[in-house]
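# Remarks on the overall topology
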Amino acid sequence: MQTGTKQLGLHLFNTHTMDYQQTIEYLFNSTPVFEHVGATAYKEGLANSLALDEHFGHPHQKFKSIHIAGTNGKGSCSHSIASVLQSAGHKVGLYTSPHLIDFRERIKVNGVCISEQAVVDFVEHERAFFEPLHPSFFELTTALAFKYFAEQNIDFAVVEVGLGGRLDCTNIITPILSIITNISLDHTQFLGDTPEKIAREKAGIIKRSVPVVIGEATEQTRPVFQARAEEQGAPITFAESMPEVLTSIASANGGIVYQTQNHGELWSELSGSYQQKNMNTVLCALNKLRKMGMLKDEECIRNGVANVCERTGLMGRWQRIQSNPTVICDTGHNVGGWKYLSKQLNDLRCRQLRIVFGMVDDKDIDTVMSLLPASAQYYFTRATTQRAIPEQQIKEISLRFKLQGETFPTVSEAYQQALEDADKDDFIFVGGSSYIVADFLSFLHQMKHVHHN
């Protein structure tokens, strides 16, 4: 099957210079993409990454990097740290995944996405080298990111691990700081089916003598991190043992006000209740960077955490789309994420909670659905990925948990129905999977274009 798509991909695009849209199609169609096919796109080992790195002259050695792994919170932590480094006057590359609307969101410098032309040129000029390697989509994207960051002459790259850590293609870097946010059971088919096994994979980013911050640890995972850090002579800090965040209160104008140990009162615009744990991890990491002399003053920390979305373009984290009715979307997509989301949704004071919901096939859907608020009205749907669980199947599972809802073939139809049903005092939540949020934001993006033109 795979070679077929490869040949098809090459055959389709060989005849002329591609534009941006065709280049993206080529990347998605001629390389195995985890977002589309799941397990078969996961490549064990770093051979391709090292070959690409060698070919481009080791671009990652031309800037300092911060490496972030973990099951949940990687995106929020990556964007927050990038925002603070930017507000300290540094030129900062940010490499994250997946994207929500456009591929270019994955690779940014000071919050600006890589240009369409840079993506087109990379594929056009480098195809002859990389096609024989048959790299995965993520291997290729990582090589593009590092090459682009070096060309842009950045000071720092904040690099988010794609999956796991030890064998992730970002793991060719030697950062100045490693961060592991937390561990919960996700992607168990690659990373192992116990917290210890997953921790071992994530701990693979801990490098010789490079300090590491662990955001949250449990009695199962803590010894794994400690052992790896000792073996590597890496100074290790457990953020929970040195709590920076003392209290957190949702602020009236959105966001959260934190009282902190060393930074006084801070306001952050990120308002999901799970952000308190992330903020503790972020501040602990920033304390380390400050000791290394990378951050000059308190002001850049205050300013950086207050303007994360504006500075870095972060989307999909308890993101408010509109009021009356309130519409929020969030990319939380596994049990670890839903423990927080369900509590936050259950605590809402609104007339009726309406949830547009779908998931993909490698998640623990039963446990997630057992956490969903029973009083909500559901709009079960599927995202445009081959890995989406059919909406009928989700509805069948939902009956076991006594959830009320209807099915819709697309996210946009589900959302439009929820909006039509809603009173101005209702609350609409869109989520269950990053791909549901991606479809939702893409739909809003298209609607905006339709109205503009």
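In this text the structure is predicted, and so the values were computed from the model without any measurement.

Our next topic: helix α14 (residues 335-346). Over its 12 residues, α14 runs 16 Å from end to end, which matches the ideal 16 Å to within 8%, given 1.5 Å per residue. Of the residues making up α14, those classed as buried are V335, G336, G337, W338, L341, S342, Q344 and L345. On its buried face, α14 sits against β13 (326-330), β14 (353-357), α15 (365-371) and β17 (427-431).

To continue, consider the packing of helix α5 (residues 74-87) against helix α11 (residues 275-291). The N-to-C vectors of α5 and α11 enclose an angle of 40°; their axes lie 10 Å apart at closest approach. Classified by the interaxial angle, the pair formed by α5 and α11 is oblique. In this structure, α5 meets α11 at a crossing whose hand is right-handed. The residues of α11 that touch α5, namely those facing S76, C77, S80, I81, V84 and L85, are Q275, N278, T281, V282, A285, L286 and L289.

Counting 35 residues, the largest nonpolar core has L27, F103, I107, V119, F146 and F149 as the members making the most contacts within it. Of all elements in the fold, only α2 (20-30), β3 (107-109), α6 (116-130), α7 (137-151) and β5 (156-160) reach the threshold of two or more residues within this core. Per-element tally for this core: the top contributor is α7, with 9 residues. If near-sequence neighbours (up to four positions away) are discounted, F146 is found in contact with P59, H60, F63, V159, T170, I172 and I173.

Backbone-to-backbone hydrogen bonds join strands into a sheet, with any given pair of strands oriented parallel or antiparallel. If you walk across this open sheet you meet the 3 strands as β9-β10-β11, and the pairing is antiparallel. Whereas interior strands pair on both sides, the edge strands pair on one side only; in this sheet they are β9 (245-250) and β11 (265-268). Going across the sheet, the axis of each strand differs from the next one's by a mean of 25°, ignoring polarity.

Considering all chains together, one arrives at 0 disulfides under this definition. Of all cysteine sulfurs in the structure, the one in C284 sits closest to C77, which takes part in no disulfide; the separation is 11 Å. According to the relative accessible area criterion, C77 is buried, its value standing at 1%.

For the rest of this paragraph, the subject is the domain arrangement of the chain. By domain assignment, the chain separates into domain 1 (20-312) and domain 2 (319-451). Each of domain 1 and domain 2 has a C-alpha centre, and the two are 27 Å apart. The partner domain 2 presents 21 residues to the 21 residues of domain 1 that form the contact. A buried area of about 1600 Å², summed over both sides, lies between domain 1 and domain 2, and 50% of it is on carbon and sulfur atoms. Across the contact surface, domain 1 and domain 2 share 0 salt bridges. Summed over the shared surface of domain 1 and domain 2, the number is 4 residue pairs in polar contact (both at pLDDT 80 or more). The element best represented in the side of domain 1 that touches domain 2 is helix α3 (residues 34-37), accounting for 4 residues. Here the side of domain 1 that touches domain 2 is composed, by residue class, of 6 nonpolar, 11 polar and 4 charged.

The rules behind these values
Residues numbered from 1 in each chain as written. Predicted model: local features only at pLDDT ≥ 70, side-chain atom pairs only at ≥ 80, totals over all residues. Heavy atoms only, no water. Helix = DSSP H or I, 4+ residues; strand = E, 2+ residues; numbered from the N terminus. Expected span 1.5 Å × (residues − 1). Buried < 20%, exposed > 50% of the residue type's maximum accessible area, 1.4 Å probe, protein only. Contact = heavy atoms within 4.5 Å. Axes fitted to C-alpha atoms, helices over the stretch in contact; angles between N-to-C directions. Parallel < 35°, antiparallel > 145°, perpendicular 65-115°, else oblique. Left-handed = near helix turned anticlockwise from the far one by under 90°. Core = buried A, V, L, I, M, F, W, Y, C linked by side-chain atoms within 4.5 Å. Pairing = 2+ DSSP bridges. Disulfide = S-S within 2.5 Å. Domains from an automatic or database assignment. Buried area = accessible area lost by both parts, 1.4 Å probe. Salt bridge = Lys/Arg side-chain N within 4 Å of Asp/Glu carboxyl O. Polar contact = N/O pair within 3.5 Å; in protein donor to acceptor, adjacent residues only side chain to side chain. Nonpolar A, V, L, I, M, F, W, Y, C, P; charged D, E, K, R; others polar.

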